[in-house]
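Now for the letters of each chain:
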Amino acid sequence: MARIEYPATGMGDHVDWALSRTDMAVGMGAFSSAVYEHSRLPLREREAARYTIALINDCRVCRATRATHAAAADLDEAFYAAVADRRQTTALTDRESLAAEFAERFALDHQAMDDTFWARMREAFADDEIADLTMSVAMWLGLGRALSVLDVAAPAERLLV
């Protein structure tokens, strides 16, 4: 059970909790839509970063969420398992692994993003891709952390983004 009370609207707990502050929820929704509808990152790279944040936040909603076009991008449960175990697998591409590493550093130790790390990032990603990844990770970290802190349950039906 979530740690705050809110009216059920039928949209699911992952939405309903925020509607107790509708004017703020609209902004969060717009940020989320921008990330999911306007990202130019390949889906597998985006999902590698998103799922890394889901695991770090221990967000039940985020961990249960999957990509809408997963089949077309060859995203299956083995991919998500590889992201969770990225240091022990070669199943991810260099960019997928680096997107996950970026997300992890962003969330856990952003001050450790030294020149060596940034050289690797700049070698693999264009500046606009890094900006895209940064905005996406910021949204996932913040919203996922909010869902986790409030102990919002994942919906019975898998969310697709």
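Use the structure listed above.
This text gives an overview of the structure that appears in the document. Remember, predicted model here, so these are calculated numbers, not experimental data.

How each quantity is defined
- Residues numbered from 1 in each chain as written.
- Predicted model: local features only at pLDDT ≥ 70, side-chain atom pairs only at ≥ 80, totals over all residues.
- Heavy atoms only, no water.
- Helix = DSSP H or I, 4+ residues; strand = E, 2+ residues; numbered from the N terminus.
- Rg over C-alpha atoms; globule rule 2.2 N^0.38 Å.
- Buried < 20%, exposed > 50% of the residue type's maximum accessible area, 1.4 Å probe, protein only.
- Contact = heavy atoms within 4.5 Å.
- Polar contact = N/O pair within 3.5 Å; in protein donor to acceptor, adjacent residues only side chain to side chain.
- Phe/Tyr/Trp six-rings, centres within 6.5 Å; stacked < 30°, edge-to-face > 60°.
- Expected span 1.5 Å × (residues − 1).
- Arc of directions from axis to C-beta.
- Salt bridge = Lys/Arg side-chain N within 4 Å of Asp/Glu carboxyl O.

## Looking at the overall build of the protein chain
Here's step 1: In terms of regular secondary structure, the protein chain is built from eight helices and zero strands.
Here's step 2: If you list the helices and strands of the protein chain from N to C, you get α-α-α-α-α-α-α-α.
Here's step 3: Its C-alpha atoms give the protein chain a radius of gyration of 16 Å, within 12% of the compact-globule value 15 Å for 161 residues.
Here's step 4: Counting the 161 residues in the protein chain, one finds 39% classified as buried.
Here's step 5: In the protein chain, the proportion of contacts linking residues at least 24 apart, taken out of those at least 6 apart, comes to 69%.

## Some points on the side chain of N57
Here's step 1: Tracing the sequence through the fold places N57 in helix α3 (residues 43-57).
Here's step 2: Engagement of the side chain of N57 in a polar contact is seen with the backbone oxygen of W140, the distance being 3.5 Å.
Here's step 3: A polar contact is formed between the side chain of N57 and the backbone oxygen of L141, at a distance of 3.2 Å.
Here's step 4: Aside from chain neighbours lying at most four places away, what touches N57 is W140, L141, G144, R145 and S148.

## Things to note about the packing of aromatic side chains
Here's step 1: What the rule picks out here adds up to seven aromatic pairs.
Here's step 2: Centroid distance Y36 to W140: 6.4 Å. Interplanar angle 45°. Geometry classified as tilted. Residue Y36 is found in helix α2 (residues 22-38), and its partner W140 is found in helix α8 (residues 127-149); the two are separated by 104 residues along the sequence.
Here's step 3: When its relative accessible area of 22% is taken as the criterion, Y36 is described as partly exposed.
Here's step 4: For the pair F102 and W118, a centre-to-centre distance of 6.1 Å together with 80° between the ring planes defines the contact as edge-to-face.

## Description of α2
Here's step 1: The terminal C-alpha atoms of α2, which comprises 17 residues, lie 23 Å apart, in line with the 24 Å expected from a rise of 1.5 Å per residue.
Here's step 2: What α2 keeps buried is the set A25, S32 and V35. Down the axis, α2 shows its buried residues gathered within 85° of arc, on one side only. Turned more than 90 degrees away from the buried face of α2, the exposed residues are D23, V26, E37 and H38.
Here's step 3: The inward-facing, buried residues of α2 abut α8.

## Some points on unusual backbone geometry
Here's step 1: Although it is not a glycine, D58 adopts a positive phi angle of roughly 55°.
Here's step 2: As for its position among the elements, D58 is in the loop between α3 and α4 (60-64).
Here's step 3: Residue class for D58 comes out partly exposed when judged on its relative accessible area of 47%.
Here's step 4: The backbone phi angle of D151 is positive, close to 60°, even though this residue is not glycine.
Here's step 5: Inspection of the secondary structure assignment puts D151 in the segment after α8.
Here's step 6: A relative accessible area of 25% places D151 in the partly exposed class.

## Description of the pattern of salt bridges
Here's step 1: Tallied over the entire structure, the rule returns 13 salt bridges.
Here's step 2: Between R60 and D151 there is a salt bridge, with its nearest N and O atoms 3.0 Å apart. A residue pair is termed long-range when its members are at least 10 positions apart, and R60 in helix α4 and D151 in the segment after α8 qualify at 91 residues.
Here's step 3: Under the relative-accessibility criterion, R60 is labelled partly exposed at 33%.
Here's step 4: A salt bridge links E104 to R87; its shortest N-O distance comes to 2.3 Å. Remark: R87 occurs in the loop between α5 (77-84) and α6 (94-108) and E104 occurs in helix α6; sequence separation between them is 17 residues.
Here's step 5: The class for R87 is exposed, based on a relative accessible area of 57%.
Here's step 6: Overlapping salt bridges bring together E45, R95 and E129 as one network.

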